[in-house]
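The primary structure of each chain is shown beneath.
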Amino acid sequence: MTPQAPLAADPRNFPDSVDVAVMGAGPAGTSAAALLNARGWSTAIVEAETFPRFVIGESLLARCMDLLDEAGLLDAVKARNYLVKRGALFVRGDQRADIDFAEQFTPGWTWTWQVPRADFDLTLANEASRQGVPIYYQHRVTAMTPGAEPTLTVESPRKNYTIRARHVIDATGYGRVLPRLLGLDRPSTLMERKSVFAHVRGDRRPKGTLENRIWIVMHPRGAWVWLIPFSNGITSVGFVAEPPFFEHFTGTDEEVFRAAMAEDPNTSERLVDMEFVFPPRTLRGYSAAVSAMHGPGYTLVGNATEFLDPVFSSGVTLALESANRAAILIDRSLRGERVDWDTDYTAYMMRGVETFRAFVLGWYTGEFPDILFSPSQNDLLRRQVTSVLAGYVWDETNPFVRQPARRMQQVARIVRRLDA
Ligand SMILES: Cc1cc2nc3c(=O)[nH]c(=O)nc-3n(C[C@H](O)[C@H](O)[C@H](O)COP(=O)(O)OP(=O)(O)OC[C@H]3O[C@@H](n4cnc5c(N)ncnc54)[C@H](O)[C@@H]3O)c2cc1C
């Protein structure tokens, strides 16, 4: 993977006003800006960090491919030669459940990528820049005056300034700028969990079909582990659990990581020779929600809205989907059309979120693993589950999308009875 430099806009030439000002140059921000730029609107992205920057969230879902394509960003990503991901392997003790994106209920992409995010996000940002979106790095939004023409206050190394816009997009991810500034932050309905993760070398990857899968391994003491292989030989490994799981161990994050690994034969078998590329990092309490996803002159996209849980790798997919949807609606609104934001944005996005929420809840109650590993499941059921895990969570002909929580409980009851 050849290193890339950011195509940064000249910081002396920041605009006083644009049609759409975007905060944050993660996947949500760059894809929304690219879509609006392609529709002829003047856009600018203000990004607090310099790129490349590390962010977690490295396994994509097949639905991302449609969305990257629609945003005109797919070819740029293809050129980076990331590891092709064709599915996921779930592991519980000696049980294996292999999810193959080629075997779906909903027609769609059968593959996607595992992406080191520093490089992936920079690729998207550079492609958006090439298409005409100026990106101002190390420019941090500190305030917004809402209204018909919202104004952002921006701090930069040279000076502080304001940008007026006809519409503002908050794509600040974990920064959650507008949820904090406007009091929209709400606690998640999900329990607080913590993750300890690192990049490692020396992963003994299995040869064959399972080599490029994300592995999601159930740890014997209630945690779960992700193993995400990259094309450069590095593997991302993360443990996720409620905080008491980690308190059981003592020592540094590295010692906790090693001790947690040693307790799980499936993970330690692959990682027996591992070396850390960087010392383990921790994140805690990342699940979050908002009371509103839009307001007069602004829209929240990606992780600035609701973030559920890492287990099904839904974050980037929902970030791209919300960016795509928001861009279409902002375009219509700027052209003077009336937009029903509650129905066409919030309700639409929440349909997908609720499907993943049912799966996440089912994962932690044990209903979903019992479905996944059941010898009684049939081909149709497996395809319906696979389409949700591929990110096709807006296909209402899939019963897991139409009535996610009910379907999860029903199917779990049936397979548990059959398997008893
Ligand atoms: C432990 C864990 C594992 C995960 N694993 C996966 C996975 O395997 N697959 C997956 O799809 N998702 C995963 N996710 C979720 C994923 O990280 C996010 O969903 C994704 O990064 C959201 O993209 P985004 O564009 O909304 O925000 P981000 O990628 O977070 O980008 C937001 C940008 O906004 C910038 N910003 C912040 N504040 C300001 C400010 N004041 N002014 C200007 N700019 C600002 C930030 O610097 C950043 O660059 C995981 C999450 C966690 C917690």
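Residues numbered from 1 in each chain as written. Predicted model: local features only at pLDDT ≥ 70, side-chain atom pairs only at ≥ 80, totals over all residues. Heavy atoms only, no water.

Asker: Is there a simple way to think about helix 1 (residues 27-38) in this case?
Answerer: Quick reminder: α-helices carry 3.6 residues per turn. Residues three or four places apart thus point the same way. The terminal C-alpha atoms of helix 1 lie 16 Å apart, and with twelve residues this matches the ideal 16 Å at 1.5 Å per residue to within 8%. Across the twelve residues of helix 1, eleven count as buried, placing the element largely inside the fold. Along helix 1, the positions that sit buried rather than exposed are Pro27, Ala28, Gly29, Thr30, Ser31, Ala32, Ala33, Ala34, Leu35, Leu36 and Asn37. (Helix = DSSP H or I, 4+ residues; strand = E, 2+ residues; numbered from the N terminus. Expected span 1.5 Å × (residues − 1). Buried < 20%, exposed > 50% of the residue type's maximum accessible area, 1.4 Å probe, protein only.)

Asker: How should I be thinking about the site of the ligand in this particular structure?
Answerer: Around the ligand, 37 residues are found, and the nearest of them are Glu47, Ile56, Tyr174, Asn303 and Val316. Here an oxygen atom of the ligand sits 2.9 Å away from a polar atom, N or O, in the side chain of Arg117. With respect to the ligand, the backbone of Val316 contributes an N or O atom lying 2.7 Å from an oxygen atom. Within the complex, 96% of the 1,000 Å² of free accessible area of the ligand lies under protein. If you list the elements that add at least two residues to the shell around the ligand, you get helix 1, strand 2 (43-47), strand 8 (140-145), strand 14 (224-229) and helix 9 (315-334). For the shell around the ligand, the element with the most residues is helix 9, which contributes three residues. For the shell around the ligand, the two domains that each supply at least three residues are domain 1 (11-83 + 115-187 + 287-348) and domain 2 (194-284). (Near = heavy atom within 4 Å. Polar contact = N/O pair within 3.5 Å; in protein donor to acceptor, adjacent residues only side chain to side chain. Areas by Shrake-Rupley, 256 points an atom, 1.4 Å probe, with all protein chains shown as cover. Domains from an automatic or database assignment.)

Asker: Explanation requested: the packing of aromatic side chains in the structure shown.
Answerer: How two aromatic rings sit relative to each other is set out by the distance from centre to centre and by the angle between their planes. Following the criterion strictly, the structure yields 25 aromatic pairs and no others. On the numbers, 5.0 Å between centres and 80 degrees between planes, the contact of Phe239 with Phe257 is edge-to-face. With Phe239 in strand 15 (residues 235-241) and Phe257 in helix 7 (residues 253-262), this residue pair connects regions lying 18 residues apart in the sequence. Pair check on accessibility: Phe239 and Phe257 agree, each one buried. Measuring from centroid to centroid gives 5.2 Å for Tyr348 and Trp394, while their planes differ by 10 degrees, and the two rings are stacked. (Phe/Tyr/Trp six-rings, centres within 6.5 Å; stacked < 30°, edge-to-face > 60°.)

Asker: Would you mind going over helix 14 (residues 404-419) with me for this structure?
Answerer: Its 16 residues place the ends of helix 14 22 Å apart at the C-alpha level, agreeing with the 22 Å of an ideal helix rising 1.5 Å per residue. The set of residues buried in helix 14 consists of Pro404, Met408, Val411, Ala412 and Val415. The buried residues of helix 14 occupy an angular sector of 105 degrees when projected down its axis, which confines them to one face. Along helix 14, the residues that are exposed and aim more than 90 degrees away from the buried face are Arg413 and Arg417. Where helix 14 is buried, its residues touch helix 10 (341-365), helix 11 (367-372), helix 12 (379-389) and helix 13 (399-402). (Arc of directions from axis to C-beta. Contact = heavy atoms within 4.5 Å.)

Asker: Whenever I open this one, the environment of Ser322 confuses me. Can you help?
Answerer: Turning to its location among the elements, Ser322 is positioned in helix 9. Among the residues examined, Ser322 registers a relative accessible area of 1% and is labelled buried. Distance in space between the C-alpha atoms of Ser322 and Tyr348 is 9.1 Å, their sequence separation being 26 residues. When neighbours within four sequence positions are excluded, Ser322 is seen to be in contact with Val301, Gly302, Tyr345 and Met349.

Asker: Looking at this structure, how should I read the pairing of strand 14?
Answerer: In terms of residue burial, strand 14 counts as a mostly covered element, since six of its six residues are buried. Of the two faces of strand 14, the one carrying Trp224, Trp226 and Ile228 and the one carrying Val225, Leu227 and Pro229 are both buried. Pairing analysis gives four bridges linking strand 13 (residues 214-218) to strand 14, with the strands arranged antiparallel. Within strand 14, the position partnered with Met218 by the bridge is Trp224. Counting the residues in the hairpin turn of strand 13 and strand 14 gives five residues, including Gly222, whose phi is positive at 95 degrees. Two strands pair when backbone bridges link them, and strand 14 and strand 15 are joined in this way by six bridges, in the antiparallel orientation. Across the sheet, the residue bridging to Trp226 is Gly238, located in strand 15. The hairpin formed by strand 14 and strand 15 contains five residues between the paired strands, and Gly233 there has a positive phi angle of roughly 90 degrees. (Pairing = 2+ DSSP bridges.)

Asker: Mind showing me how you'd approach the nonpolar core here?
Answerer: Core analysis: the largest hydrophobic core is formed by 120 residues, its most contacted members being Phe90, Trp113 and Phe312. Looking at which element gives the most residues to this core, the answer is helix 9, with ten residues. Discounting residues that sit within four places of it in the chain, Trp113 has contacts with Glu58, Ser59, Leu60, Met65, Leu68, Leu74, Val77, Lys78, Tyr82, Leu83, Val84 and Lys85. Membership of the second largest hydrophobic core comes to 24 residues, among which are Ala198, Leu227, Phe276 and Phe278. (Core = buried A, V, L, I, M, F, W, Y, C linked by side-chain atoms within 4.5 Å.)

Asker: How should I be thinking about the side chain of Asn266 in this particular structure?
Answerer: Tracing the sequence through the fold places Asn266 in helix 8 (residues 265-271). A polar side-chain atom of Asn266 sits 3.3 Å from a polar atom in the side chain of Arg96. The residues contacting Asn266, other than those within four sequence positions of it, are Val91, Gly93, Arg96 and Val217.

Asker: Honestly, the domain arrangement of the chain in this entry has me stumped. Any pointers?
Answerer: Domain annotation of the chain identifies domain 1 (11-83 + 115-187 + 287-348), domain 2 (194-284) and domain 3 (365-419). One C-alpha centre belongs to domain 1, the other to domain 2; they are set 30 Å apart. Each partner contributes to the interface: domain 1 provides 13 residues, whereas domain 2 provides 16 residues. Overall, the association of domain 1 and domain 2 removes approximately 1,200 Å² of surface from exposure, summing both partners, and the carbon and sulfur fraction of that is 73%. Applying the counting rule to domain 1 against domain 2 returns zero salt bridges. Viewed at the interface, domain 2 and domain 1 are joined by three residue pairs in polar contact (both at pLDDT 80 or more). Taken together, the residues that form the side of domain 1 that touches domain 2 break down as eight nonpolar, three polar and two charged. (Buried area = accessible area lost by both parts, 1.4 Å probe. Salt bridge = Lys/Arg side-chain N within 4 Å of Asp/Glu carboxyl O. Nonpolar A, V, L, I, M, F, W, Y, C, P; charged D, E, K, R; others polar.)

Asker: When you look at the packing of helix 1 against helix 4 (residues 117-130) in this model, what are you seeing that I'm missing?
Answerer: To characterise two packed helices, one gives the angle between the axes of the helices and the distance between these axes. For the pair helix 1 and helix 4, the least separation of the axes is 9 Å and the interaxial angle reads 20 degrees. By the angle between their axes, helix 1 is roughly parallel relative to helix 4. Read as a crossing pair, helix 1 and helix 4 show a hand that is left-handed. On helix 4, the residues touching Pro27, Thr30 and Ala34 of helix 1 are Arg117, Phe120, Asp121, Leu124, Ala125 and Ala128. Looking at the contact of helix 1 with helix 4 residue by residue, the classes come out as six nonpolar, one polar and two charged. (Axes fitted to C-alpha atoms, helices over the stretch in contact; angles between N-to-C directions. Parallel < 35°, antiparallel > 145°, perpendicular 65-115°, else oblique. Left-handed = near helix turned anticlockwise from the far one by under 90°.)

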